[in-house]
Amino acid sequence: MKFPDNFLIGAATAAHQVEGNNIYSDFWAMEHVPHSVYKEPSLDAVDHYHRYEEDIRLLKGAGCNAYRFSIEWARIEPTKDIFDSKEMEHYKDVLEFCHQNNITPIVTLHHFSSPKWLIAEGGWESETTIEYFVNYCRYVVSELGHLIPYICTINEANMGKQITKIMKRMMGSDTAKGKHAEVQVGLNVATETKMEKYFRELGETFAIDPRKVQPFLSPRTENGELIIMKCHEKARDLIKAINPKIQVGITFSLYDHQALPGGEEFVEKEWQEDFLGYLPFLQEDDFLGVQNYSRKIHGPEGIVHPDEHTRRTKMVYEYYPEALGKVLDFVSKHWTKPIIVTENGISTGQDEERVEFIKRALAGVYCCLEKGIPVIGYTYWSLLDNFEWQLGYDQTFGLIAVDRSTQTRYPKESLSVLGEIKKSGL
Ligand code: BGC
């Protein structure tokens with residue numbers, strides 16, 4: 001099973017999770033309040049900001065040809081309306097280094113983290129965010145657009161809705177189920193009192209009513225959903241006006257929803273909410289970014305949680321690499337333009353499990369290609385072991401391990417396997 005020569009195979013990262021010292025971002029603020037629900041602060045992360053050359057070289061050396069990474073809005077515009085040209089130079093260097101190494105860059109303009117000032121202005125429930133986001137995109141794309149073949153405007157645009165659903169489920173369900181659901185979005189379990197203190201402190205740090213603190217990873221209203229879609233549409237139209245050659249898309253977190261007898265309506269509803277409902281806003285897009293990690297099974301009463309014998313990843317999801325092929329199959333019935341698998345991966349301490357996961361997931365992608373589904377690339381999550389948001393550094397999704405005390409890189413076998421698949425097939 002050899003993938004076409006122009007098929008993109010590589011890995012993905014996000015600025016806040018790998019670069020380090022993203023001090024003007026909302027996450028930095030949330031990590032540092034005294035009653036933070038974050039397991040630990042991101043601090044230097046894996047210092048990718050200074051070591052990107054080494055990391056891209058490792059990716060290239062293995063045989064890969066694509067790197068998905070994000071540009072950090074909080075670095076580019078640390079203060080409202082003040083753009084930092086030195087930071088633009090940095091990302092220009094990263095992009096040029098990719099090209100020098102024949103690595104196709106896939107750039108995400110927003111991957112969960114936002115400038116702290118944006119949250120003080122009402123964040124992702126405020127109409128003004130649309131204009132602010134477009135201004136930031138205009139600045140980046142005017143300066144760097146000629147170096148970027150693929151842009152994902154927003155990472156996992158549907159994440160707010162998924163968080164809202166999980167919260168609702170938790171309120172109406174027993175603690176065990178609730179706890180399981182929390183882990184699935186990476187939220188930490190905190191006592192109510194700690195939560196109350198945390199929210200009060202967030203209000204103080206963002207200088208806003210605590211009830212109005214709206215970072216990207218928050219439960220979202222219907223209007224918040226529309227705001228995200230308007231950000232996407234306006235950014236896409238602007239990017240195409242600046243440089244029509246840039247291929248523009250957006251990414252979604254998509255589970256493989258499977259029905260047991262009686263669960264069919266739940267599956268339909270989930271697909272509607274996770275994906276189909278967004279389609280009207282994506283009609284002018286050039287490609288779709290699909291991100292998948294596992295499946296969800298639905299019975300007549302709703303979600304059926306895996307039993308104690310089920311093989312799971314370190315994130316507690318079910319280990320089920322076949323989910324990716326099935327999601328692509330479903331998506332292709334409603335989307336005929338190119339698809340990039342912008343994320344797919346596993347957190348595990350055993351790299352053999354990762355190798356197996358990648359091979360099984362890519363076998364699914366290969367079957368889709370054979371059926372004529374226009375998948376054009378796959379970027380494994382993640383290039384490096386990194387900062388897994390509220391769960392901190394314990395999760396290990398990476399193709400490369402990092403000793404954070406020295407920032408030494410230790411490429412894993414899975415990195416070579418991924419590169420070999422690019423070179424010689426499965
Ligand atoms: C996000 C990543 C995250 C990964 C693993 C995706 O939802 O885009 O930032 O690290 O999942 O949990």
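What counts, and at which threshold
- All residue numbers refer to positions counted from 1 along the written sequence of the respective chain.
- For this predicted model, a pLDDT threshold of at least 70 governs which residues receive local features, and a threshold of 80 or more governs which side-chain atom pairs are given and counted, while totals over whole chains, interfaces and linings are taken from all residues.
- Calculation of side-chain values draws on the structure's entire complement of heavy atoms; hydrogens and water are dropped beforehand.
- Residue-level confidence of the predictor, termed pLDDT, takes values from 0 up to 100.
- In what follows, a contact means two residues having at least one pair of non-hydrogen atoms within 4.5 Å.
- Two strands make a pair as long as DSSP finds a minimum of two bridges between them.
- The helix count covers DSSP runs of H or I at least four residues long, the strand count covers runs of E at least two residues long, and both are numbered beginning at the N terminus.
- Between the N-to-C directions of two axes lies an angle of 0 to 180 degrees, each axis being a line fitted to C-alpha atoms and, for a helix, fitted only over the stretch in contact.

Draft legend 1. Fine view of the confidence of the model for the protein. Of the residues in the protein, 95% reach a pLDDT of 70 or more, and the chain-wide mean stands at 95. A low-confidence stretch, residues 174-189 stays under pLDDT 50, and its non-local contacts, those more than four residues away or across chains, total 31 contacts.

Draft legend 2. Layout of the sheet that holds strand S3 (residues 104-110). Spatial strand order, S1-S2-S3-S4-S5-S7-S10-S11: eight strands in a closed barrel with parallel pairing. Strand-to-strand twist in this sheet, taken as the mean axis angle between neighbours without regard to direction, amounts to 25°.

Draft legend 3. Seen up close, the pairing of strand S8 (residues 295-299). In this sheet, S8 lies alongside strand S6 (residues 256-259) in parallel orientation, the contact comprising four bridges. Following the sheet pairing, His-257 is matched in S8 by Lys-296. Taken together, the three bridges between S8 and strand S9 (residues 302-304) define a ladder with antiparallel strand orientation. Paired with Gly-299 across the two strands is Gly-302, which belongs to S9. As consecutive antiparallel partners, S8 and S9 are separated by two residues.

Draft legend 4. Representation of the environment of Tyr-410 in the model. By the element assignment, Tyr-410 lies in strand S13 (residues 408-411). A C-alpha to C-alpha distance of 24 Å links Tyr-410 and Tyr-91, two positions 319 residues apart in sequence. Setting aside chain neighbours within four positions, we find Tyr-410 in contact with Ile-400, Ala-401 and Asp-403.

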